[in-house]
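Observations on chain architecture
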Amino acid sequence: MTRLNTFSLFIFISIPHFFTGNGEQVTHRETLEIVTDGGGGALPSPPPEDEYCPPPLPPPCPPPPPPPCPEPMSPPPPPPPVPSPSPPPKRPHPPPPPPPSDGFESPQLKLVYPVIQEFKKLIVDDPHRITKTWKGKKICRDYKGFKCDMRPDIKQLALAGVKFNNFNFCGPNLTITRFLSRLPDLVFFHANSNNFTGSIPTNLDKLKYFYELDLSNNKFSGKFPNEVLKANKLLFLDLRFNAFEGTVNPEVFNLNLDLLFINNNNFIQTLPDNLGKTTALYLTLANNKFVGGIPPSIGQASNTLLEVLFLNNQLTGCLPYQIGLLKKATVFDVGFNMLHGPIPHSFQCLEKMELLNLAGNKFNGVVPEAVCSLPKLMNFTLSYNYFTQVGPQCRKLIKNGVLDVRMNCILDLPKQRTAAECASFFTKTHSCPNERSLNYVPCKGGLSAGAQIKSLDIQSPASAPELAQAPRRGTYGALSPH
């Protein structure tokens with residue numbers, strides 16, 4: 001019985017599952033019942049005892065000896081010592097605290113307080129009672145005419161601007177000599193329409209932020225103030241409506257200016273050859289006594305010059321063709337001088353020109369049709385000259401009130417000079433030194449050299465309307481003192 005159980009156990013271990021005679025698989029539970037005589041069919045009977053029996057199985061092998069105990073492991077090496085943290089970097093010493101302001105808005109404003117109070121004593125007449133506000137320590141808050149801002153390098157409130165326009169300060173010793181240069185943080189000084197006299201400080205180069213100087217409409221006199229040339233950061237220089245005289249230092253045209261107004265003084269000289277070196281966008285030389293011609297170097301300002309006023313001087317000669325290179329110019333005014341000759345054909349290249357004034361000179365010849373075709377032309381003044389012909393495009397401008405040709409020698413138009421005046425003018429020679437250059441057209445698509453208007457193009461309008469009102473340009477505003 002023991003053998004049976006052992007054998008049955010052997011079968012159970014060796015054959016975990018099998019199929020029945022009809023091919024169906026017997027479940028694990030059914031297999032277990034078969035092995036233990038629990039049903040599902042009988043196993044064959046054991047053979048009789050006298051039949052041969054196999055020898056008993058040898059005793060099982062003794063279990064292998066246990067593995068030798070491993071040698072005790074040596075303890076792990078101690079971890080490397082943690083490096084001690086490096087000491088933090090030394091902090092830079094904080095900047096020394098600013099000196100106490102003693103109630104002022106900043107130490108910088110404390111520095112200029114005595115300068116303002118000293119200047120205040122020079123003002124004898126203050127019609128607008130401006131200086132009544134110049135008391136106390138709150139300069140930025142209370143003082144009229146002074147502007148404050150944060151100085152970027154030291155992060156302190158500072159006196160950045162002086163704006164005395166139209167204050168009409170007066171006094172027998174009213175000067176800026178000891179005032180302007182002692183305001184170290186000054187950016188602009190505007191003093192239009194006062195009664196300042198005397199000289200300009202000689203150390204303007206020490207003002208590191210100084211960009212604008214307006215001394216217009218005061219009582220300055222004498223030679224051109226060369227002191228302004230030391231303010232080499234200036235962008236804005238306005239000396240108009242004073243009594244400066246003599247010659248203009250040519251170096252002023254080498255300054256990196258955006259605006260240069262020296263009109264309405266008594267300067268007497270030929271225009272310097274380096275005039276075209278100026279970087280000014282707005283250039284006003286009007287109402288002086290400049291003589292000679294306009295230098296050809298003016299063409300070098302082609303990338304900067306927007307508006308230029310030469311009117312009301314004593315300029316002579318012919319217009320150089322290089323004026324036609326001023327591709328950005330919107331205003332060109334040489335009215336009321338003594339210029340002569342034809343209009344250069346290069347003027348048709350002035351594609352951005354809006355206001356072109358040649359009135360009150362001795363220009364003559366044919367008005368170029370291409371100039372009358374400039375796309376942005378709003379005001380074209382040729383009155384009081386000696387032009388003889390205008391074509392159909394120019395006549396359209398006359399009809400629209402854009403072109404003024406009154407008091408010329410155009411026979412079929414009204415309001416012209418008398419025949420005697422025109423005859424007297426043409427009995428004299430009015431030549432230009434390089435007449436061939438006047439036909440040169442530097443831009444693409446210009447008229448062919450020497451193009452003339454055919455007589456059949458000349459027509460007579462019923463009447464010539466009054467000229468349209470000229471727009472008030474930036475430079476024309478400079479012709480007013482205020």
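Shown above is the structure to which this text applies.
Here we summarise the structure given alongside this text. (Residues numbered from 1 in each chain as written. Predicted model: local features only at pLDDT ≥ 70, side-chain atom pairs only at ≥ 80, totals over all residues. Heavy atoms only, no water.)

1. Quick look at the overall build of the chain
Rules: Secondary structure elements follow DSSP: runs of H or I no shorter than four residues count as helices, runs of E no shorter than two count as strands, and numbering proceeds from the N terminus. Buried residues are those whose accessible area, probed at 1.4 Å on protein chains only, stays under 20% of the maximum for their type, while exposed residues exceed 50% and partly exposed ones sit between those limits. Whether two residues touch is decided by their heavy atoms; if any such pair falls within 4.5 Å, the residues are in contact. Residue burial considers only the protein chains on display, and all accessible areas are found by Shrake-Rupley using a 1.4 Å probe.
If you tally the helices and strands in the chain, you get eight helices and 20 strands. Counting the 482 residues in the chain, one finds 42% classified as buried. The long-range fraction of contacts in the chain, counting pairs at least 24 apart against all pairs at least 6 apart in sequence, stands at 54%. With the model as given, the accessible surface of the chain reaches about 27,200 Å², and the carbon-plus-sulfur share is 59%.

2. Quick word on a positive patch on the surface
Note the threshold: Only residues whose relative accessible area exceeds 30% and that form no salt bridge enter a patch; like-charged residues are grouped when within 9 Å of one another, and nonpolar side chains (Val, Leu, Ile, Met, Phe, Trp, Tyr) when within 5 Å. Any carboxyl oxygen of Asp or Glu within 4 Å of a side-chain nitrogen of Lys or Arg constitutes a salt bridge here. For the purpose of counting charges, residues Lys and Arg are taken to be positive, whereas Asp and Glu are taken to be negative. His and the chain ends are not included. To locate a charge, take atom NZ for lysine, CZ for arginine, CG for aspartate or CD for glutamate.
Together, Lys 327, Lys 328, Lys 352 and Lys 376 give the surface a local cluster of positive charge. Topologically, Lys 352 is positioned in the loop between β15 (338–341) and β16 (355–357). Using a relative accessible area of 39% as the deciding quantity, one classes Lys 352 as partly exposed.

3. Points about the side chain of Asn 408
Note the cut-off: Here a polar contact means two N or O atoms within 3.5 Å. Within protein one must be a hydrogen donor candidate and the other an acceptor candidate, and residues neighboring in sequence count only if both atoms are side-chain atoms.
With respect to the helices and strands, the residue Asn 408 is situated in the loop between β20 (403–404) and α7 (419–426). Only 3.0 Å separates the side chain of Asn 408 from the backbone oxygen of Leu 382, close enough to count as a polar contact. Other than its neighbours up to four places away in sequence, Asn 408 contacts Leu 382, Ser 383, Tyr 384, Asn 385, Tyr 386, Phe 387, Gln 416, Arg 417 and Cys 422.

4. What to know about the environment of Ile 343
Relative to the helices and strands, Ile 343 resides in the loop between β15 and β16. The exposure class assigned to Ile 343 is buried, which follows from its relative accessible area of 3%. A C-alpha to C-alpha distance of 7.9 Å links Ile 343 and Asn 364, two positions 21 residues apart in sequence.

5. A few points about the state of the cysteines
This is how it is decided: Note on terminology: pairs of cysteine sulfur atoms within 2.5 Å are recorded as disulfides.
Counted by the stated rule, this structure contains five disulfides. The disulfide partner of Cys 349 is Cys 443, and the S-S distance across this bridge is 2.0 Å. Disulfide Cys 349-Cys 443: torsion about the S-S bond near -85°, hence left-handed. Linking Cys 349 in the loop between β15 and β16 with Cys 443 in the loop between α7 and α8 (474–477), this pair joins segments that are 94 residues apart in sequence. For Cys 349, a relative accessible area of 7% translates into the label buried. The exposure class of Cys 443 is partly exposed, given its relative accessible area of 25%. Cysteine pairing for the chain (bonded cysteines numbered in sequence order): 1-2, 3-9, 4-10, 5-6, 7-8.

6. Digging into the nonpolar core
Heads up, the condition is: For the purposes of this section, nonpolar cores are sets of buried Ala, Val, Leu, Ile, Met, Phe, Trp, Tyr and Cys residues that join through side-chain atoms within 4.5 Å.
In terms of nonpolar packing, the biggest core is built from 92 residues, with Trp 134, Phe 164, Phe 189, Phe 210, Phe 310, Phe 332 and Phe 380 touching the most fellow members. Counting residues per element, the ones that place at least two in this core are α3 (107–120), β2 (156–163), α5 (369–372) and α6 (392–399). Take this core: its biggest share by element is five residues, from α3. If we skip the residues at most four places from it in the chain, Phe 380 touches Ile 343, Leu 356, Val 367, Val 371, Cys 372, Val 402, Leu 403 and Asp 404. Grouped together as the second largest cluster of nonpolar side chains are six residues, Ala 286, Leu 309, Leu 355 and Tyr 476 included.

7. Focus on the sheet that holds strand β8 (residues 259–261)
Backbone-to-backbone hydrogen bonds pair the strands of a sheet. The strands run either parallel or antiparallel. Counted only if it meets this: DSSP-based pairing: two strands are paired if at least 2 bridges between them are found. To define axes, lines are fitted to C-alpha atoms, for helices over the stretch in contact only, and angles between the resulting N-to-C directions are given on a 0 to 180 degree scale.
Strand order in the open sheet made by the 12 strands is β1-β2-β3-β4-β6-β8-β10-β12-β14-β16-β18-β20, with mixed pairing throughout. A single partner strand is all that each edge strand has here, and the edge strands are β1 (146–151) and β20. Here three bridges tie strand β10 (residues 282–284) to strand β12 (residues 307–309), and the two strands are oriented parallel to one another. In the strand pairing of β12, Tyr 282 is matched with Glu 307. Its contacts with the sheet put α3 on β1 and β2, and the angle it makes with β2 is roughly 35°.

8. Re the packing of aromatic side chains
Note the following rule: In this scheme Phe, Tyr and Trp rings, the latter by its six-membered ring, pair at centre separations within 6.5 Å, and the angle between planes marks the pair as stacked below 30 degrees, edge-to-face above 60, and tilted otherwise.
Per the counting criterion, the structure on display carries 23 aromatic pairs. Look at Phe 119 and Phe 196: their rings are 6.2 Å apart centre to centre, the planes differ by 20°, and that puts the pair in the stacked class. Taken together, the residues span a long stretch of sequence, with Phe 119 in helix α3 and Phe 196 in the loop between β3 (188–190) and β4 (212–214) at a distance of 77 residues. Neither residue differs from the other here; Phe 119 and Phe 196 are each classed as buried. Between Phe 164 and Phe 169, the ring centres sit 5.3 Å apart and the planes meet at 75°, which makes this aromatic pair edge-to-face. Residue Phe 164 shares its accessibility class with Phe 169, and that shared class is buried. By the ring-pair criterion, three or more aromatic residues cluster together here, those being Phe 119, Trp 134, Tyr 143, Phe 146, Phe 164, Phe 167, Phe 169, Phe 179, Phe 189 and Phe 196.

9. Some thoughts on the sheet that holds β15
Strands sit in the order β11-β13-β15-β17-β19 across an open sheet of five strands; the sheet is parallel. At either margin of the open sheet sits one strand with a lone partner, and together these are β11 (291–292) and β19 (386–389). Across two bridges, strand β13 (residues 314–317) lies against β15 in parallel orientation. Along β15, the bridge assignment pairs Thr 316 with Met 338.

10. Here we look at the pattern of salt bridges
Overall, the coordinates contain 11 salt bridges when judged by the stated rule. The partner of Arg 182 in a salt bridge is Glu 118, with the nearest N and O atoms 3.2 Å apart. Here Arg 182, found in the loop between β2 and β3, pairs with Glu 118, found in helix α3; they are 64 residues apart in sequence, far enough to count as distant. The class for Arg 182 is partly exposed, based on a relative accessible area of 31%. Among the ionic pairs, Asp 142 bridges to Arg 141, the shortest N-O distance being 2.9 Å. Taken together, the shared-partner salt bridges connect Arg 151, Asp 153, Asp 185 and Lys 208 into one network.

11. Thoughts on the side chain of Gln 416
Among the structural elements, Gln 416 can be located in the loop between β20 and α7. On the basis of relative accessible area, Gln 416 is assigned to the buried category, the value being 16%. A distance of 3.2 Å separates a polar atom in the side chain of Gln 416 from the backbone nitrogen of Asn 408. For Gln 416, the side chain forms a polar contact with the main-chain nitrogen of Ile 410, separated by 3.0 Å. Non-local contacts of Gln 416, meaning those with residues more than four positions away in its chain, are made with Val 405, Arg 406, Met 407, Asn 408, Cys 409 and Ile 410.

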